[in-house]
Amino acid sequence: MRSKDRISYFYDGDVGNVYFGPNHPMKPHRLCMTHHLVLSYDLHKKMEIYRPHKAYPVELAQFHSVDYVEFLQRINLDTQHLFPEEMAKFKLGEDCPVFDDMFEFCQIYAGGTIDAARRLNNQLCDIAINWAGGLHHAKKCEASGFCYINDLVLGILELLKYHARVLYIDIDVHHGDGVEEAFYFTDRVMTVSFHKYGNLFFPGSGDVKEIGEREGKFYAINIPLKDGIDDTSFTRLFKTIISKVVETYQPGVIVLQCGADSLAGDRLGCFNLSIDGHAECVKFVKKFGLPLLVTGGGGYTKENVARCWTVETGVLLDTELPNEIPDNEYIKYFAPECSLRIPTGHIENFNSKSYLGTIKMQVLENLRCIQHAPSVQMQEVPPDFYIPDFDEDEKNPDERIDQHTQDKHIQRDDE
Amino acid sequence: MVQKRQLAEEEYDVVSSKHLKLENSYQFVSCLEFPLKDVPLKPCSSADGLFPIEIPENDCQFESGKITDQQTTLVQKDDSYSCLFRYPPPKEVPVGPEYQASIPECCGYDTNDDENKFLGSCVIPMPESNSTVSSGFAVGKGRNDCFCEDLGSLRCVRQHITEARENLRVNIGRERFSALGFDSMGDFVACNWTEEQEQFFHEVVYSNPASLGKNFWEKLAETFPSRTNQEIVSYYFNVFVLQRRAEQNRFDSMNADSDDDELQVNDPSEEDDDSCVDEIQSYGFSIKDPVFDHNDDARFIFEDSRVWDGGYFLFPRDKADFLSTGSMIEEVFGVESWNIEVTDNNDDEGSMN
């Protein structure tokens, strides 16, 4: 494992001063709270902090259609009623409302992820963090799910200039459909999303059968889950699958979307993860020692969002944080307990062992198809990386274990 | 180009959207659970991968879901749609130039040299971490011990927050403190507002709730024409919502919810003074005393279920469904508040109608 990671942290003070509208669940103010908590724990003493540039429209158009970007730039609250057709075409006005400073907000969070990718490309840091980013639902030509610009796609496009293969991991409670769709045809990006699926939960995609198409077939992985998944089930599944993915795909860089709506008690989510469980995934990905771009995403109980991303900043800095939250401007949000950890709920976990076992087997079997696929370009020589030991003894002996899941630490010869 | 298949609206007769939590969703999800016995895998006809070959429709033996005492109630009452409802066709990923990204070549360098200039501007450089660690500086320390005689009082809390702010400013320097936006964090923001302005602010918010078809946000912009939108947002979250949360902590910590834009703990007309300085007389409890009961968390109440009608993200028909728990809305605004008529003159799409 790398002895010391250099961390670049991106933040712009203006990103939190926008408002989607009364009762809208997305509250960018959570980013101010996160940032404040991070610094209250003195974590700025272990990393460098950057203010991102505001992404230019031409940069946004590296993925998004020009007319969509232009519309986002010029539409405002006073004029939106004049463009009903465009508003409908670009899916604005309902869950993705127009609000003051909307475009600037997009420029800031997208600029953060783009800058993060560039710093990684130039090897100026090992890990780059942009909690304002991670808006994974935005599509090429339309807004979706509170997301207007897909900063993840833009960041990955930057990384693809320097890396043959990029691995995208998404632990938001919602399917990372925007990122998957953007890269559905290519084997240069593997998208792996763990999310609630079924019962017509938004966005409705993300079935295990979605595996990509054409050259991208088998390079989209979906782990559909049911309500109430807990730390043990989730982290076990996560580690098994991600271990196999990294071993098989051998990416040059990893992008990790850490949507906090997969936490217990989220306004819109339905999982039962604790912050430690959520952070365990971050810790696991960090251990691979690959260049890592970390973003935020969903998260609609803003105190828990701040807690989660602060703990995970600590994880990325190899710093365990004391549970008592230090005095800070927003201490009242964390009262009465003022603790960094949150309790999980007493809700039933509807992910049976057999269900999870079946999903896991399907995913691992599909990964086997990649191992024998001659079309995968192995131009980039990946660094020797550490595949952390995953304790197989933790597994339920009742689960069927496919032979191939027993394989570990296979070092492939590069072609 | 393959067209994205849209689920026909007429196939579903109710709405859901991303921001609805489904009440008892775990109950009717059990109908979609995999059966107890393992489903054997066999290759699909196209040999593209291994998937369960079939999902038994009427298998009622579920492992974790269990047949609950309450009968699972499907929202969909019409049996002719039940097969679609139980196993709705998966959304297909749309493909084509309007959906996928253009993949750049992997050159190992950036063809556009100018873009390399935009790497972010450094606010705090990488510290000499070895020296700070070796000097014993504690990074990530938690709360300092409080030795105030009036522990937990407003004065005590305010003192510690002020001390924390000053420490941070000294730590990172005044310039960086400002560059990182700390000048506009916390109820310190209220110092840029007069008492009268703060009073107006509270009145505007509480008298224009979204659940009654009003938009306090628009009214705020009208009431404070000289204020920028960012100033209003900043005051709203750094002072107003924070103050409201403090009151919730004091009066109703079990149901404290700073994300509910309409939750009122006290009748604002009964409040003596809304200024930031005199916001509360005392915290009413010690920060160190846990009040939160882990076994009775009201935040895990799920909403009434709604079935998605196939649109991506359709607007909830009932405005009061938007976000807040049903019990909370009823408690604050009355059961009648569920029957909402949008007024004709409120046709601004910026409001949540």
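Think of each chain on its own: its residues are numbered from 1, step by step along the sequence as written. In the order they appear in the text, chains get letters beginning with A and ligands get numbers beginning with 1. Whole-chain, interface and lining totals are the exception, using all residues; otherwise, since this is a predicted model, local features are given only for residues with pLDDT of at least 70 and side-chain atom pairs are given and counted only at 80 or more. Just so you know, side-chain values use all the structure's heavy atoms and leave hydrogens and water out.

**A short note on the overall build of chain B**
Here comes step 1: Here a helix means four or more residues in a row that DSSP labels H or I, a strand means two or more in a row labelled E, and each is numbered from the N terminus. Across its full length, chain B carries nine helices and three strands.
Here comes step 2: When the helices and strands of chain B are placed in sequence order, the string is α-β-β-α-β-α-α-α-α-α-α-α.
Here comes step 3: For chain B, with 353 residues in total, the buried portion stands at 45%.
Here comes step 4: Every residue pair with non-hydrogen atoms within 4.5 Å of one another is taken to be in contact. Summarising the internal contacts of chain B: among those between residues at least 6 apart in sequence, 69% fall at separations of at least 24.
Here comes step 5: Note on areas: these come from Shrake-Rupley sampling with a 1.4 Å probe, and a residue is covered only by the protein chains present in the view. Put simply, chain B shows about 18,600 Å² of open surface, and 49% of that area lies on carbon and sulfur atoms. In this scheme, a residue with accessible area under 20% of its type's maximum is buried, one over 50% is exposed, and one in between is partly exposed, where area comes from a 1.4 Å probe on protein chains only.

**Details of the overall build of chain A**
Here comes step 1: Secondary structure summary: chain A contains eleven helices and eight strands in total.
Here comes step 2: Taken over 415 residues, chain A has a buried fraction of 77%.
Here comes step 3: For chain A, the exposed area adds up to about 11,100 Å²; of that, 47% sits on carbon and sulfur atoms.

**Considering the nonpolar core**
Here comes step 1: Of all hydrophobic cores here, the largest spans 174 residues; its most connected members are Y148(A) and F194(A).
Here comes step 2: Of all the elements, helix α5 (residues 102-121) of chain A adds the most residues to this core, at eleven residues.
Here comes step 3: We define the nonpolar core as a collection of buried residues of types Ala, Val, Leu, Ile, Met, Phe, Trp, Tyr and Cys that are connected through side-chain atoms lying within 4.5 Å of one another. Ranked by size, the runner-up nonpolar core spans five residues in total, among them F185(A), A220(A), V93(B) and V95(B).

**Considerations on the sheet that holds strand β6 (residues 220-225) of chain A**
Sheet strands pair by backbone hydrogen bonding; their relative direction is either parallel or antiparallel.
Here comes step 1: Only when DSSP finds a minimum of two bridges between them are two strands counted as paired. One open sheet accounts for nine strands, arranged β6(A)-β5(A)-β4(A)-β7(A)-β8(A)-β3(A)-β1(A)-β2(A)-β3(B); its pairing is mixed. The open sheet has two edge strands, β6 of chain A together with β3 (121-124) of chain B, and neither has a second partner. In this sheet, adjacent strand axes meet at a mean angle of 20 degrees when their direction is disregarded.
Here comes step 2: Examined bridge by bridge, strand β4 (residues 166-170) of chain A and strand β7 (residues 253-257) of chain A share five bridges and lie parallel to one another. If you follow V166(A) over to β7(A), its bridge partner there is V253(A). Only C-alpha atoms enter the line fits that serve as axes; for helices the fit covers just the stretch in contact. Angles between N-to-C directions range over 0 to 180 degrees.

**A short note on the pattern of salt bridges**
Residues and elements named next belong to chain A.
Here comes step 1: Salt bridges are defined as contacts in which a side-chain nitrogen from Lys or Arg sits within 4 Å of a carboxyl oxygen from Asp or Glu. As enumerated under the stated definition, the model contains 26 salt bridges over all chains in all.
Here comes step 2: For E104, the salt bridge goes to K54, with nearest N and O atoms at 2.7 Å. Residue E104 is located in helix α5, and its partner K54 is located in the loop between β2 (48-51) and α2 (57-60); the two are separated by 50 residues in the primary sequence.
Here comes step 3: Given a relative accessible area of 31%, K54 falls into the partly exposed group.
Here comes step 4: We note a salt bridge from D67 to K89, for which the minimum N-O separation is 3.2 Å. Placement of D67 in helix α3 (residues 66-74) and of K89 in helix α4 (residues 84-89) is noted, with a sequence separation of 22 residues between them.
Here comes step 5: Looking at K89, the relative accessible area reads 49%, which means it is partly exposed.
Here comes step 6: Beyond isolated ion pairs, a larger network of salt bridges with shared partners links E59, R118, E158 and K161.

**Section: the packing of helix α8 (residues 231-249) of chain A against helix α9 (residues 275-286) of chain A**
Residues and elements named next belong to chain A.
Here comes step 1: Between α8 and α9, the least distance of the axes is 9 Å, while the angle of their chain directions is 15 degrees. Classified by the angle between their axes, α8 and α9 sit roughly parallel to one another. Crossing hand, α8 versus α9: right-handed. In this structure, α8 contributes D231, F234, T235, F238, K239, I242 and S243 to the contact, and α9 contributes G277, E280, C281, F284 and V285.
Here comes step 2: Broken down by class, the residue content of the contact of α8 with α9 amounts to six nonpolar, three polar and three charged. Convention used here: angles under 35 degrees read as roughly parallel, angles over 145 as roughly antiparallel, angles from 65 to 115 as roughly perpendicular, and any remaining angle as oblique. Left-handed describes a crossing whose near helix is turned anticlockwise from the far helix by less than a right angle; the clockwise case is right-handed. The nonpolar class holds Ala, Val, Leu, Ile, Met, Phe, Trp, Tyr, Cys and Pro. Asp, Glu, Lys and Arg form the charged class, and all remaining residues, Gly among them, are polar.

**Thoughts on the packing of aromatic side chains**
Here comes step 1: Aromatic rings from Phe, Tyr and Trp, taking only the six-membered ring of Trp, are treated as a pair when their centres fall within 6.5 Å; an angle between ring planes under 30 degrees marks them as stacked, one over 60 as edge-to-face, and anything in between as tilted. As enumerated under the stated definition, the model contains 38 aromatic pairs over all chains in all.
Here comes step 2: A ring pair is formed by W193(B) and F201(B), whose centres lie 5.7 Å apart and whose planes are at 85 degrees; its orientation type is edge-to-face. Each member of the pair, W193(B) as well as F201(B), is classed as buried.
Here comes step 3: Each residue in the set Y19(A), W193(B), F201(B), Y206(B), F216(B), W217(B), F224(B), Y235(B), Y236(B), F237(B) and F240(B) is aromatic and connected to the rest through ring pairs, giving one cluster.
Here comes step 4: A cation over an aromatic ring shows up here: R74(A) above the ring of F83(A), its NZ or CZ 5.5 Å from the ring centre.
Here comes step 5: The criterion for a charge sitting over a ring is simple: Lys NZ or Arg CZ within 6 Å of the ring centre, and within 35 degrees of the ring normal. Of note, R227(B) hangs over the ring of W193(B), and the distance from its end group to the ring centre comes to 4.0 Å.

**A look at the packing of α5(A) against helix α6 (residues 151-159) of chain A**
The relative placement of two packed helices comes down to the angle between their axes together with the axis-to-axis distance.
All names here are of chain A.
Here comes step 1: Relative orientation of the contacting elements α5 and α6 amounts to 20 degrees, with a least axis distance of 8 Å. Comparing the axis directions of α5 and α6 gives the class roughly parallel. The handedness of the crossing between α5 and α6 is right-handed. Side by side, α5 and α6 meet where Y109, A110, T113, I114, A117, R118, L120 and N121 of the first sit next to D151, L152, L154, G155, E158 and L159 of the second.
Here comes step 2: Residues of the contact of α5 with α6, tallied by class, amount to eight nonpolar, three polar and three charged.

**So, the pairing of strand β1 (residues 7-10) of chain A**
Residue and element names in this part refer to chain A.
Here comes step 1: In β1, alternate side chains face the same way, and those of I7 and Y9 on one face and S8 and F10 on the other are all buried.
Here comes step 2: Alignment of β1 against strand β3 (residues 127-130), held across three bridges, turns out to be parallel. Within β3, the position partnered with I7 by the bridge is I127.
Here comes step 3: Bridging between β1 and β2 involves three bridges; their strand directions are parallel. Bridge pairing in β2 links S8 to E48.
Here comes step 4: Handedness of a crossover: with both strands directed away from the viewer, a clockwise path from the first strand across the helix to the second marks it as right-handed. Handedness of the crossover is the feature at issue here: the chain leaves β1, passes through helix α1 (residues 29-40), returns alongside β2, and the resulting connection is right-handed.

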